[in-house]
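# A look at the structure
If you want the building blocks of each chain, they are given just below.
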Amino acid sequence: MPSKTLYFPSHRHLQALYANRDENLALIEHALSVKLVTRDEWLKIEGSADAISRTETLIDHLDEARSQGVNLRTSDLVRIIETFAHGNADDLKALFGEPVIISTRRKSIVPKTLGQKFYLQSIHKNPVVFGVGPAGTGKTYLAVAAAIEALLKNQVERVILTRPAVEAGEALGFLPGDLREKILPYLRPLYDAMHDMLDPEDVARLTEKGVIEIAPLAYMRGRTLSHAFIILDEAQNTTPEQMMMFLTRLGEDSRMIVTGDITQIDLPRSKQSGLVEVSRILANIPGIDFHYFNGGDVVRHPLVLKIIEAYERYKNPMRSDETN
């Protein structure tokens, strides 16, 4: 049987390509119809000449990802293997061919999917970007990363992160504690993202100075936000009036990112989502871009994508039948 042996600088280098889990080698074997044998710093590929060539190309893509700072996880590997096995090797080549790297104090962040890469490219090119898609696609996390990077590079003077606290409804006033304690649960995801990129002391210091502001959407009314990077998260829960109010806060040398998932609208049935409406109003305006994520951009546990797909089939049985 034909075979080829690939050599790497170290065993640790080689292990990083399959997320340090031997069962991931079995995934590659099954997807590409090869047998893999690894020991020390080498990897032996056995199979047909075509299968060996394809596997070598996949390993090259994985090594390129590692060299760009991607800490390959099993979920990442599954996604890359599936993309490659389905004949979409060009997508991987485009993903890793021109790196997009966001540098923060705690880590460097790279896009894990083409959708994420195009999203970040759009953020770098346009003053206003809408990131719309399902949970787990990284739309909020990457927006916060872009904002922190802009702040660290002195491209903006402050970062403003906001969400509508619609889940609390009128009951917000009845929750225990002061205002900060009442709204904290609704802003927690934004804090979590920032703490992944900055030291806790930096977050506390910058927040105290007002350089970083995290507040409910209602706090934006009547303000002009200049020299700032502003993110509106969970925008599917804004009304059309709130969306217009927010967008018209844009001031001099400022940038905005609006993120949301139109499948998770918590507004009363009588109220339309501002995120659904805005795409029809602002389409084709230069400087404003709409980026739509899909299930293939989910970067959480692989089961998250399967859960999203199952709900889509449940909600749209006719569409599911058409695609089968």
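Use the structure listed above.
Read on for a plain summary of the structure. Keep in mind it's a predicted model, so treat the numbers as computed, not measured. All chains use their own residue numbering, which begins from 1 and follows the written sequence. Side-chain atom pairs in this predicted model are given and counted only at pLDDT of 80 or more, local residue features only at pLDDT of at least 70, and totals for whole chains, interfaces and linings cover all residues. Remark: hydrogens and water are excluded; side-chain values derive from all non-hydrogen atoms of the structure.

## Remarks on the sheet that holds strand β1 (residues 3-7)
- If you trace the three strands from one edge of the open sheet to the other, you get β1-β3-β2, paired in antiparallel fashion. The open sheet is flanked by β1 and β2 (35-39), the only strands paired with a single partner. Each strand axis lies, on average, 20 degrees off the axis of its neighbour in the sheet, ignoring direction.
- A strand pair is defined by DSSP finding two or more bridges across the two strands. Numbering goes from the N terminus for both helices and strands, where a helix is a DSSP run of H or I of at least four residues and a strand is a run of E of at least two. Sheet topology places β1 next to strand β3 (residues 42-46); five bridges connect them, and they run antiparallel. Looking across to β3, one finds that L6 is bridged to L43. With axes taken as lines fitted to C-alpha atoms, and helix axes fitted only over the stretch in contact, angles between N-to-C directions fall between 0 and 180 degrees.

## Structural notes on the sheet that holds strand β9 (residues 228-232)
- Here six strands make up an open sheet; going across it, the order is β8-β7-β9-β10-β6-β11 and the pairing parallel. The two strands at the open ends of the sheet, each matched to only one other strand, are β8 (212-216) and β11 (288-292). Sheet twist, expressed as the mean angle between neighbouring strand axes with direction ignored, is 15 degrees.
- When checking whether two residues touch, look at their non-hydrogen atoms; a contact exists if any pair is within 4.5 Å. Where helix α6 (residues 114-125) meets the sheet, it contacts β6 (128-132), β9, β10 (255-260) and β11, and its direction lies at approximately 150 degrees from that of β10.

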